[in-house]
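Each chain, written out:
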Amino acid sequence: MKKITLITGAGRGIGKEIALKFGKENHKLILLVFKKKQKEELHNILKKKKFDFKIIVGDLKNSKFINSLNKKISKVDNLVNNAGMANTKYFTDVAESDLDDLIEVNLKVPFKLSQIFAKKMIKNKIKGCIVNITSQLGHTGAFNRSIYCMSKFGLEGLNKAIALDLGKYGIRSIAVAPTKTIVNQVERVKTKKRLKLIRSKIPLRKFSTTKQIAEIVYFLTTEKSSSITGTSIISDGGWTAGK
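Residues numbered from 1 in each chain as written. Predicted model: local features only at pLDDT ≥ 70, side-chain atom pairs only at ≥ 80, totals over all residues. Heavy atoms only, no water.

I would appreciate a short explanation of the overall build of the protein chain in the present structure.
Broken down by element type, the protein chain carries eight helices and seven strands. Relative to its length of 243 residues, the protein chain is compact, with a C-alpha radius of gyration of 17 Å against a globular reference of 18 Å. When its C-alpha atoms are laid out on the principal axes, the protein chain stretches across 50 × 40 × 40 Å. Relative to its full complement of 243 residues, the protein chain shows a buried share of 48%. Across the protein chain, the fraction of contacts at a sequence separation of at least 24, relative to all contacts at a separation of at least 6, is 71%. Here the protein chain displays about 13300 Å² of accessible surface, and carbon together with sulfur accounts for 53% of that area. (Helix = DSSP H or I, 4+ residues; strand = E, 2+ residues; numbered from the N terminus. Rg over C-alpha atoms; globule rule 2.2 N^0.38 Å. Buried < 20%, exposed > 50% of the residue type's maximum accessible area, 1.4 Å probe, protein only. Contact = heavy atoms within 4.5 Å. Areas by Shrake-Rupley, 256 points an atom, 1.4 Å probe, with all protein chains shown as cover.)

Please clarify how the sheet that holds strand E4 (residues 78-81) should be interpreted in this entry.
Pairing between sheet strands relies on hydrogen bonds along the backbone, with the strands arranged either parallel or antiparallel. As summarised here, the arrangement of the seven strands in space is E3-E2-E1-E4-E5-E6-E7, forming an open sheet in which the pairing is parallel. Edge positions in the open sheet fall to strand E3 (53-57) and strand E7 (232-235), since each of these has one partner strand only. Neighbour-to-neighbour, the strand axes of this sheet turn through a mean angle of 15°, independent of strand direction. The sheet contact formed by strand E1 (residues 4-7) and strand E2 (residues 28-33) spans four bridges and is parallel. By the bridge assignment, Thr5 is partnered in E2 with Leu29. Of the strands in this sheet, E4, strand E5 (129-133), strand E6 (172-178) and E7 touch helix H8 (residues 210-220), which is tilted by about 165° from E6. (Pairing = 2+ DSSP bridges. Axes fitted to C-alpha atoms, helices over the stretch in contact; angles between N-to-C directions.)

Before we go on, may I ask you to explain the packing of helix H4 (residues 96-123) against helix H5 (residues 146-166) in this structure?
Pairs of packed helices are described in terms of their axes, by the angle between the two and the distance that separates them. Between H4 and H5, whose axes approach to 9 Å, the crossing angle comes to 15°. As judged from the angle between their axes, H4 and H5 are roughly parallel. Helix-helix and strand crossings are classified by hand; for H4 and H5 the assignment is right-handed. Taken together, the residues of H5 that come into contact with H4 (itself represented by Asp98, Leu99, Leu102, Ile103, Asn106, Leu107, Pro110, Phe111, Ser114, Ala118 and Ile122) are Ile147, Tyr148, Met150, Ser151, Lys152, Gly154, Leu155, Leu158, Ile162 and Leu166. (Parallel < 35°, antiparallel > 145°, perpendicular 65-115°, else oblique. Left-handed = near helix turned anticlockwise from the far one by under 90°.)

Just checking my understanding: could you explain the pairing of E4 for this structure?
It is a general feature of regular strands that their side chains alternate between the two faces of the sheet. Of the two faces of E4, the one carrying Asn78 and Val80 and the one carrying Leu79 and Asn81 are both buried. Pairing between E1 and E4: three bridges, direction parallel. In the sheet register, Thr5 faces E4, and the bridge partner there is Asn78. The pairing of E4 with E5 spans four bridges and is parallel. Each residue of the ladder has a partner; that of Asn78, found in E5, is Cys129. Traced from E4 through H4 to E5, the parallel crossover comes out right-handed. (Right-handed = clockwise from strand over helix to strand, strands pointing away.)

Got a minute to help me understand helix H1 (residues 13-24) in this structure?
In an α-helix, one turn spans 3.6 residues, which is why side chains three or four residues apart end up on the same side. In this model, H1 (12 residues) spans 17 Å end to end at C-alpha, consistent with the 16 Å of a helix rising 1.5 Å per residue. With 10 of 12 residues buried, H1 lies mostly within the body of the structure. Asn26 sits one or two positions beyond H1 and adopts a positive phi of about 70°. (Expected span 1.5 Å × (residues − 1).)

Even after reading the chapter, I still don't get the pattern of salt bridges, so can you show me in this structure?
Side-chain pairing between opposite charges can occur once the charged atoms of the two side chains come close. Within the structure shown, the criterion is met by seven salt bridges. Among the ionic pairs, Asp52 bridges to Lys2, the shortest N-O distance being 3.5 Å. With Asp52 in the loop between helix H2 (36-48) and E3 and Lys2 in the segment before E1, this pair connects stretches of sequence that are 50 residues apart. Taking the relative accessible area as the measure of exposure, Asp52 reaches 29% and is therefore partly exposed. In this structure, Asp59 and Lys61 form a salt bridge, with 3.4 Å as the shortest nitrogen-oxygen distance. Owing to a relative accessible area of 32%, Lys61 belongs among the partly exposed residues under this scheme. Each of Lys21, Glu25 and Glu215 takes part in salt bridges that share partners, so that together they form one network. (Salt bridge = Lys/Arg side-chain N within 4 Å of Asp/Glu carboxyl O.)

Even after reading the chapter, I still don't get unusual backbone geometry, so can you show me in this structure?
Peptide bonds are, in most cases, trans, and in most cases residues other than glycine have a negative phi. The residue Asn26 is not glycine, and still its phi comes out positive at about 70°. Looking at the element boundaries, Asn26 is found in the loop between H1 and E2.

Read these as spatial facts, not as claims about activity.
As structure tokens, this is what we get:
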């Protein structure tokens, strides 16, 4: 029987690559995207590959949408909490609305979805896996990233706590924390100077790739990683190792 994997933020970047990897591994995909255009583009790609998939469009900040997923989806084997927002404002310039939106998407939504689908795993006796895409900035601070760091540190903490709570059911929770990952090739041209600066701070002098992160996420859902839970796989080229 095919395993069912739910992926948030599957419309682009890391989430899209994770979807392609799990589809290639013959999983039934349930993909959450933010825009109708993303659904159309993803549908065409996955249909050509003859993957088994369902794409749902919605705003994760909308509690009604979150509640609808509880009704629409009966069970999953894996949940990948990938969707996230960024914020690059200086600390004293961050507005309350910025804080509310970012914490909702980066922290509260993973909590809500993990709770919803953990209950379904328990009910169906599924020894499932929850993977939380965090960041190296869930392990170290950075300039102009106050609320982003706040959310990712929080998600790392949530990941550890729910691993403890769910362990008795055989349900695992793991975080994957990438360094800067190029998700749009336009970045290489438009932000060339900034990328050069970031790369210089990475001991291995290279960024993570979406394919590398997708491979890590898939591995964490397999039997080979069945003893890994409550920890974080940091794919940061050595950034957080020290200076």
